[in-house]
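# A closer look at the structure
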Amino acid sequence: MGELGVEHFLSLSAALFIIGMMGVLIRRNILIIFMCVELMLTAANISLIAFGWQMHSLDGQVFVLFTIAIAAAEAAVGLAIILALSRRVHTVDVAEIHELRD
Amino acid sequence: MADYLILIPLLPLVAAIINLLLGRTVTRGKAHLVSVPAVAGSWFVSLLVLRDIWNTEHAIEQKLFTWIPSGSFNVPVNLYADQLTAVMLMVVTSVGLLVHIYSIGYMHGDGAYYRFFAYLPLFVFSMLMLVLADNYMIVFFFWEAVGLCSFLLIGYYYKRRSAGNAAKKAFIVNRVGDLGFGLGVIMIFWTFGTVNFWGPEGVFARVGDFGQTTITVIALLLFTGAIGKSAQFPLHVWLPDAMEGPTPVSALIHAATMVTAGIYLVARSNALFQASTTAMLVVTCIGLFTAVMGASIAITQNDIKRIVAYSTVSQLGFMAFALGTGAWMAAIFHLMTHAFFKGLLFLGCGSVIHGMHEEQDIQKMGNLRKYMPVTFLTFLIGSLANAGIFPLAGFWSKDEIIVGAWISTVFPNFGKVVTVLAFAAAFMTAFYMFRLVFKVFFGKENFDTEHVHPHESPKTMTGPLVILAVATILIGFVGFPPEDGKFHHFIGTVFESHAGEATHAMASVAVHNDGGALAVMAEEGEHGGHHVSLAMTITFGVISSVVAIGGIFLAYLYYIRRSLSAEATAARFNGLYNFLYNRWGFDTLYQERIVAPLMRLAYFLWQVIDVKVIDGTVNGIAKGTLSASQTLRKVQTGVVSNYALAIALGMVVIIGIYLVGFSSLDVPFLR
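Here's a quick rundown of the structure.

Cut-offs applied
- Residues numbered from 1 in each chain as written.
- Chains lettered and ligands numbered in written order.
- Predicted model: local features only at pLDDT ≥ 70, side-chain atom pairs only at ≥ 80, totals over all residues.
- Helix = DSSP H or I, 4+ residues; strand = E, 2+ residues; numbered from the N terminus.
- Rg over C-alpha atoms; globule rule 2.2 N^0.38 Å.
- Buried ≥ 20, exposed ≤ 12 C-beta atoms within 10 Å, placed from the backbone.
- Contact = placed C-beta atoms within 7 Å.
- Axes fitted to C-alpha atoms, helices over the stretch in contact; angles between N-to-C directions.
- Parallel < 35°, antiparallel > 145°, perpendicular 65-115°, else oblique.
- Nonpolar A, V, L, I, M, F, W, Y, C, P; charged D, E, K, R; others polar.
- Pairing = 2+ DSSP bridges.
- Expected span 1.5 Å × (residues − 1).

Scanning chain A from N- to C-terminus turns up three helices and zero strands. Tracing chain A from N to C terminus, the helices and strands come up as α-α-α. Here chain A has a C-alpha radius of gyration of 17 Å; the compact-globule value for 102 residues is 13 Å, and the former is much larger. Put simply, chain A has 102 residues, and 16% of those count as buried. In chain A, of all internal contacts separated by at least 6 residues, the share reaching a separation of at least 24 is 48%.

Given below as structure tokens:
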């Protein structure tokens with residue numbers, strides 16, 4: 001293990017992404033799932049930063065700024081949906097929300 | 001000058017449309033006030049047409065419009081009235097008018113009065129267009145139209161099952177003949193390149209340009225149509241059943257006019273038939289067989305209308321073999337006289353049935369002359385005319401047919417056989433007619449006099465009977481003296497003009513036409529040289545009178561003096577009696593050999609082909625789709641995690657393919 005390289009950042013990013021994905025797939029609480037989605041977004045941001053750092057380019061950071069802005073908007077919409085849903089069905093358990101099936 | 005020709009068919013058409021559209025709401029029980037004047041108007045215009053043609057001796061034409069302009073296939077709708085048409089117009093409108101008037105009384109109080117008075121003028125319209133048409137396509141069109149009207153009117157009492165069946169039978173049996181006629185029209189267009197009758201490019205002018213075989217085929221196909229419509233063997237079975245319709249309909253359509261359409265068609269196409277001896281032979285044989293068969297069946301029947309119906313079949317047979325032996329004028333003459341006396345007989349039957357409260361079995365009648373004197377007298381006149389007693393209408397025309405067969409130049413030897421058999425048929429005709437008369441109007445009452453009170457019919461019914469009876473007495477004289485009467489001079493030109501044009505004109509049409517026609521024929525060098533002498537006319541007149549009186553006398557012995565017992569004779573010739581009573585077994589034969597197998601085939605097609613194969617396939621596809629989707633819909637759990645898993649797995653697979661397939665790419669951390 002020598003110099004800090006882009007591989008380390010990407011490994012972190014991959015680890016975060018997989019943790020997030022596993023959270024989305026396994027957890028049943030819709031809020032946790034939502035947070036895991038945010039985690040996956042963050043993993044992507046780290047990759048962008050890492051590549052930008054390696055290439056000596058600002059493009060990666062600009063991308064990340066955009067992503068964060070959009071993630072904020074997405075969080076607002078997502079939370080609003082979750083709020084509306086929990087009010088309607090009185091639960092945050094996704095296994096119990098299957099009205100579309102029937 | 002000829003612009004009024006259109007009025008003849010137009011008036012009944014307008015009446016029919018008015019009654020069809022407004023019958024239910026406006027005209028209702030007064031529907032006859034629309035129809036009767038319309039038909040009367042068309043009768044009057046027909047009279048004018050007759051006068052004009054009589055005076056000018058020229059055909060009248062009126063061009064209307066072109067129905068089908070399609071390349072070389074051109075079907076104009078033109079009205080054309082020559083001498084033959086004029087005779088047909090008079091027959092159709094006269095009998096039509098009288099039947100309309102008669103129906104006012106007969107159909108009184110019927111629930112669908114307006115419907116009757118809509119169909120009846122519709123029929124008159126179709127029939128008039130049929131005889132006015134100047135090409136085969138229009139003839140065919142209205143040929144079908146009269147068939148339709150016949151169907152509607154036979155099935156007029158559609159709530160009665162037997163009426164519905166009879167209507168279907170008439171329609172389907174006629175289809176067989178119409179198929180032949182349709183093929184004939186196609187064949188005519190194929191051969192001649194036109195369907196028009198007249199003009200230098202018309203069919204009749206160019207018969208000689210084509211081979212004998214072609215012309216024979218065309219003539220036979222046309223005659224197939226005539227067999228169906230004119231109830232000739234083997235398609236005669238529909239006509240007696242057609243008596244399920246109201247009696248005025250039987251009189252107008254199934255005795256006087258529509259059934260003569262076949263005779264008219266053959267007479268109109270005489271140029272084609274004259275060019276083919278084979279076709280003429282077929283026409284003769286079928287006509288003769290029908291004449292004998294119809295008369296023999298009529299002897300044993302008990303239903304009053306059925307007897308007269310078989311009589312019609314027999315008389316149509318007479319007309320057909322007259323055409324076949326080349327006695328064209330005699331055939332048309334008989335067509336005309338028959339229309340009047342058979343119309344009279346049918347209306348008389350209607351009056352009897354009406355007076356007897358819907359009883360049709362002659363075994364349950366008797367001595368009706370006491371109750372219905374007018375009906376009796378007129379019916380007697382009709383019967384005498386049908387039997388061929390001097391000097392009534394039937395005598396002149398039937399005699400001429402028989403003489404025509406005897407001197408036929410088409411079949412010099414066969415004609416003699418025809419004559420003998422025709423006498424046999426004439427004998428049977430006289431017998432069955434007077435069996436009917438004696439059973440119905442003489443003897444003792446064979447009905448319950450306590451409960452049944454026969455009564456004379458109203459004036460609207462007896463009026464037409466009297467008019468028709470007078471016509472029956474007088475109409476024969478237009479053909480007097482025999483072979484040389486006004487009628488013959490008038491209509492003769494129709495059959496002469498084409499004789500010279502047919503290359504195979506083996507016989508002059510005007511075989512027994514002397515006077516003016518002779519000169520024409522001599523010029524053409526086609527004259528067969530036959531000439532009816534006065535002696536021959538008188539001889540045949542005497543023979544046929546003796547035959548007719550003999551038939552009547554035999555009926556007298558059986559049913560009035562009872563010196564011969566009908567029951568004993570029937571028992572003695574049991575086999576023959578049953579054979580005749582069962583109408584030569586034709587109905588049974590057709591039922592067993594044609595209808596039943598077709599029903600079985602239809603049942604098979606329905607139960608196996610349609611239900612199992614076609615429906616099975618369609619329903620099978622639907623069922624397969626349904627069960628497949630029932631299985632597949634389980635994939636859609638509705639649980640978000642499952643979808644997310646599917647997305648993730650899909651992504652893994654895609655990336656996996658990407659990495660394996662594009663491994664040459666420089667991916668740093670996989671190095």
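With that settled, consider the packing of helix 5 (residues 136-154) of chain B against helix 6 (residues 161-192) of chain B. Residue and element names in this part refer to chain B. The contact between helix 5 and helix 6 brings their axes to 9 Å, and the two run at 175 degrees. The angle between helix 5 and helix 6 falls in the class roughly antiparallel. In contact with Tyr136, Met137, Phe140, Trp143, Glu144, Gly147, Ser150, Phe151 and Ile154 of helix 5, helix 6 contributes Ala163, Ala166, Ala167, Ala170, Phe171, Asn174, Asp178, Phe181, Gly182, Val185 and Ile188. Across the contact of helix 5 with helix 6, the residue classes tally to 14 nonpolar, four polar and two charged.

Attention now goes to the pairing of strand 1 (residues 60-70) of chain B. All names here are of chain B. Summarising burial for strand 1: one of the eleven residues are buried, a small minority. Across nine bridges, strand 1 lies against strand 2 (residues 73-81) in antiparallel orientation. Bridge pairing in strand 2 places Ser70 opposite Phe73.

This part covers helix 2 (residues 32-56) of chain B. Residues and elements named next belong to chain B. For helix 2, which comprises 25 residues, the first-to-last C-alpha distance of 36 Å matches the rise-based estimate of 36 Å (1.5 Å per residue) to within 8%. Burial in helix 2 covers these residues: His32, Val34, Ser35, Ala38, Val39, Ser42, Trp43, Val45, Ser46, Val49 and Ile53. The inward-facing, buried residues of helix 2 contact helix 1 (7-27), strand 1, strand 2, helix 3 (83-106) and helix 4 (113-132). Just past helix 2, the residue Glu57 takes up positive phi, approximately 55 degrees.

Here the focus is unusual backbone geometry. Omega for the peptide link from B:Phe233 to B:Pro234 comes to 5 degrees, which places this bond in the cis form. Following the sequence through the fold, B:Pro234 ends up in the loop between helix 7 (212-229) and helix 8 (238-241). For A:His56, which is not glycine, the phi torsion reads 55 degrees and is therefore positive. With respect to the secondary-structure elements, A:His56 resides in the loop between helix 2 (30-55) and helix 3 (59-89). A residue is classified by how many C-beta atoms lie within 10 Å of it, and A:His56, with 6 of them, is exposed. One non-glycine residue with positive phi stands out, namely B:Ala231, at about 55 degrees. Tracing the backbone through its elements, the reader meets B:Ala231 in the loop between helix 7 and helix 8.

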